[in-house]
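Residue strings, one per chain:
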Amino acid sequence: MKSKTLQITLVYIIISLFVAIVCHKLLITHFSKTEYFFIFFLKDIFFIFTTALFFKYILSKNEKRNVAVFKKLKETNEEIKESNEKYDIVAKATSDTIWDWKIQEDSINWNKGIESVFGYNPSEVGKTSKWWFDKIHPEDSIRMSIKLYSFIEQKTEKWQDQYRFRCANGTYKYVLDRGFLLKDENGRAIRMIGAIQDITKQKEEEQRLKLLETVITQSKDSILITEANSANRRIPKIVYVNPAFSQMSGYMSNEIIGKSPNIFKGPKSDSEELKKLLRAIKNEEECLIETITYTKQNEEYWVRFSMIPIFNSEGVITHWISIQRDITDEKKLETEKEHLIRELTQNNKDLKQFSYITSHNLRAPLSNLIGLLNLIDDIPIDNPELEEILNGFTKSTHLLNETINDLVKVIIIKDNPSMQKEEVSLQEVFENVFNQLSFQIELHKPIIKLKFDKVPLLNTNKAYIESILLNLLTNSIKYKSENRKLKISIIAEQIDHKAILTFKDNGIGIDLERNRDKVFGLYQRFHNYPDSKGLGLYLVKSQVETMGGTISIESEVNKGTTFTITFKN
């Protein structure tokens, strides 16, 4: 294949020969001396070939020069293409947003990072620095602008700053912006190329770590951080202590860092607790102990000492965090509490013993008194004053006997919290109570409403439920209103797995605003009745709670009282 230079030369020769032949033909036609024309024709052919060779030489030179220039341009284009590819790869790998700012023209171009990182469409991105600065957080904009333009004026090559850049959705991201300044031959800043890196996660982590640091430094508990590994069966060496530790132990951080917490061990330290701690460290598991430890001044104090292992992402332990709390005061209170419990337990035993002895020793004289009074009933007494004295004595004796019987019941309940339960018919229980109070009921003739059909049977202790109803019914009759007919209603309902017994009357009631906290107390009286002992409601509450139930009261003076008793049935 002939080169373009040879093609052009051949075309030149052919055209020149054609022109020369045509011209010579015309001259021969008009002139007679053909021999001279032939000589001139040969001369023209020689000239044509000579100039053709010279023309070929020049074209060949130009062609070589053009080939060299083309080759160089091709190499340059390849280098530019490779550089652009590297630039795109680096931009994608780093997720940076690259910007190119032509300072004199105030023209700025952004790469695809402005879209992928900040969410802006190409149509939304401005071409001037104003658009850039408008997206900077107002609190950062002035500071950043002053710093940037100061950098440009000083003509320093490298610049960086941190600020908040607004995204397309209106939120802000923390960014690290780094730029490189280009200058012309006169040192004038003409161009700046930079990269914006999203550091929001790093900034949030930094703020979180600062918050954690503040918590640790301000904590009232002593906090230690130790190395991961220990040697010679010792707790690992300390690498950090917070101010609370220095305040608690007396050791400053520079005195304790690099040492093991074993130095706090002393004569009264619990060796078993320390062994437990060392086993936990060996097994890389969390541990909590309590022991006596010692300050720098060799003063002992109680400490609650925890060790928590810290693992990296690969599951390898890197450090231990220890949280220590001075529990000396807590231990003192605990000791005092145990001492008080022992004293109260002993006092309770003594009181029980006293109650048993008192009730036992009083029963015999009371029985004798009651027997003597019964004998006196058969003897006619003519003196009215003596008869009145004996009646009062008899009444007081029977009241004392009832009080002792109630006290014995309370002692039995408190001393025997467990009791046998059985299926009890509420109707049958009430009939027994009715029979015991037949004289009072016949005397006062109250209107009694019973409704046990929803809970015919109750799983409870028969003697206790009978005693409860007996006490409540007796109180209703005793504290009835003189201004209206006594009405009493006893209703049993089943709600879910609970039996609710409601006992309601329209008696004189109790002032709960003054006495709510004392209603079920021992020896609490709310009315001036001579035969009131203050034991009934205390006994009722004790019996209800012994059976696992609860009792509540609602009452209003001169309107009546309602007791609500709840059992699991």
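The structure we're discussing is the one just above.
Conventions we followed
- Residues numbered from 1 in each chain as written.
- Predicted model: local features only at pLDDT ≥ 70, side-chain atom pairs only at ≥ 80, totals over all residues.
- Heavy atoms only, no water.
- Axes fitted to C-alpha atoms, helices over the stretch in contact; angles between N-to-C directions.
- Helix = DSSP H or I, 4+ residues; strand = E, 2+ residues; numbered from the N terminus.
- Parallel < 35°, antiparallel > 145°, perpendicular 65-115°, else oblique.
- Left-handed = near helix turned anticlockwise from the far one by under 90°.
- Contact = heavy atoms within 4.5 Å.
- Nonpolar A, V, L, I, M, F, W, Y, C, P; charged D, E, K, R; others polar.
- Pairing = 2+ DSSP bridges.
- Phe/Tyr/Trp six-rings, centres within 6.5 Å; stacked < 30°, edge-to-face > 60°.
- Buried < 20%, exposed > 50% of the residue type's maximum accessible area, 1.4 Å probe, protein only.
- Lys NZ or Arg CZ within 6 Å of the ring centre and 35° of its normal.

## Structural notes on the packing of helix α12 (residues 426-436) against helix α14 (residues 462-478)
No. 1: One can describe the packing of α12 onto α14 by two numbers: an axis separation of 9 Å at closest approach and a directional angle of 50°. Here α12 is positioned oblique relative to α14, judged by the angle of their axes. Where α12 crosses over α14, the handedness of that crossing is right-handed. Contacts from Leu-426, Glu-428, Val-429, Phe-430, Asn-432, Val-433 and Gln-436 of α12 reach α14 at Lys-462, Ile-465, Glu-466, Leu-469, Leu-470 and Leu-473.
No. 2: Class assignment for the residues of the contact of α12 with α14 results in eight nonpolar, two polar and three charged.

## A word on the pairing of strand β9 (residues 300-311)
Successive residues of a regular strand alternate their side chains across the two faces of the sheet.
No. 1: By the bridge criterion, eight bridges tie strand β8 (residues 287-294) to β9 in an arrangement that is antiparallel. Its bridge partner being in β9, Ile-292 is matched across the sheet by Trp-302.
No. 2: Linking two consecutive strands that pair antiparallel, namely β9 and strand β10 (residues 317-326), is a turn of five residues; a positive phi of about 80° is found at Gly-315 within it.

## Looking at the packing of aromatic side chains
The geometry of two aromatic rings is summed up by the distance between their centres and the angle between their planes.
No. 1: Taken as a whole, this structure holds 13 aromatic pairs when the rule is applied.
No. 2: Look at Tyr-120 and Trp-131: their rings are 5.2 Å apart centre to centre, the planes differ by 75°, and that puts the pair in the edge-to-face class. Of this pair, Tyr-120 sits in the loop between α3 (113-116) and α4 (129-134) while Trp-131 sits in helix α4; the two residues are eleven residues apart in sequence, bridging distant segments of the chain. Trp-131 carries the same exposure label as Tyr-120, and that label is buried.
No. 3: Their ring planes at 25° and their centres at 5.1 Å tell us that Trp-132 and Phe-133 sit as a pair that is stacked. Here Trp-132 matches Phe-133 in class, with each residue buried.
No. 4: Joined through ring pairs, the aromatic side chains of Trp-99, Trp-101, Trp-110, Phe-118, Tyr-120, Trp-131, Trp-132, Phe-133, Tyr-149 and Phe-165 make up one cluster.
No. 5: The ring of Trp-302 is capped by Lys-331, whose NZ or CZ atom sits 4.6 Å from the centre of that ring.

## Some points on the sheet that holds β9
Each strand in a sheet pairs with its neighbour through backbone hydrogen bonds, running either in the same direction (parallel) or in the opposite one (antiparallel).
No. 1: Strand order in this open sheet of five strands is β7-β6-β10-β9-β8, and the pairing throughout is antiparallel. Two strands close off the open sheet at either side, each with one partner strand: β7 (238-241) and β8. The mean inter-strand angle of the sheet, taken between neighbouring strand axes irrespective of direction, is 25°.
No. 2: Running at roughly 135° to β8, helix α9 (residues 271-282) makes contact with β8, β9 and β10 of the sheet.

## Comments concerning the pairing of strand β3 (residues 158-166)
No. 1: In the sheet, β3 pairs with strand β4 (residues 172-183) via nine bridges, with the strands oriented antiparallel. Its bridge partner lying in β4, Arg-166 is registered against Tyr-172.
No. 2: Between the end of β3 and the start of β4, which pair antiparallel, lie five residues, with Gly-170 showing a positive phi angle near 95°.

## Observations regarding helix α16 (residues 536-546)
No. 1: For α16, a buried count of nine out of eleven residues is recorded, marking the element as mostly surrounded by other parts of the structure.
No. 2: Once α16 finishes, Gly-548 follows within two positions and takes phi at roughly 80°, a positive value.

## Quick look at the packing of α14 against α16
No. 1: Interhelical geometry of α14 versus α16 gives an angle of 150° and a closest axis separation of 9 Å. With respect to each other, α14 and α16 are oriented roughly antiparallel. In the packing of α14 onto α16, the handedness of the crossing is left-handed. Of the residues in α16, those touching α14 at Tyr-464, Ser-467, Ile-468, Asn-471, Leu-472 and Asn-475 are Gly-536, Leu-537, Leu-539, Val-540, Gln-543, Val-544 and Thr-546.
No. 2: Class assignment for the residues of the contact of α14 with α16 results in seven nonpolar, six polar and no charged.

Remember, this is a structural readout, not a statement about activity or role.
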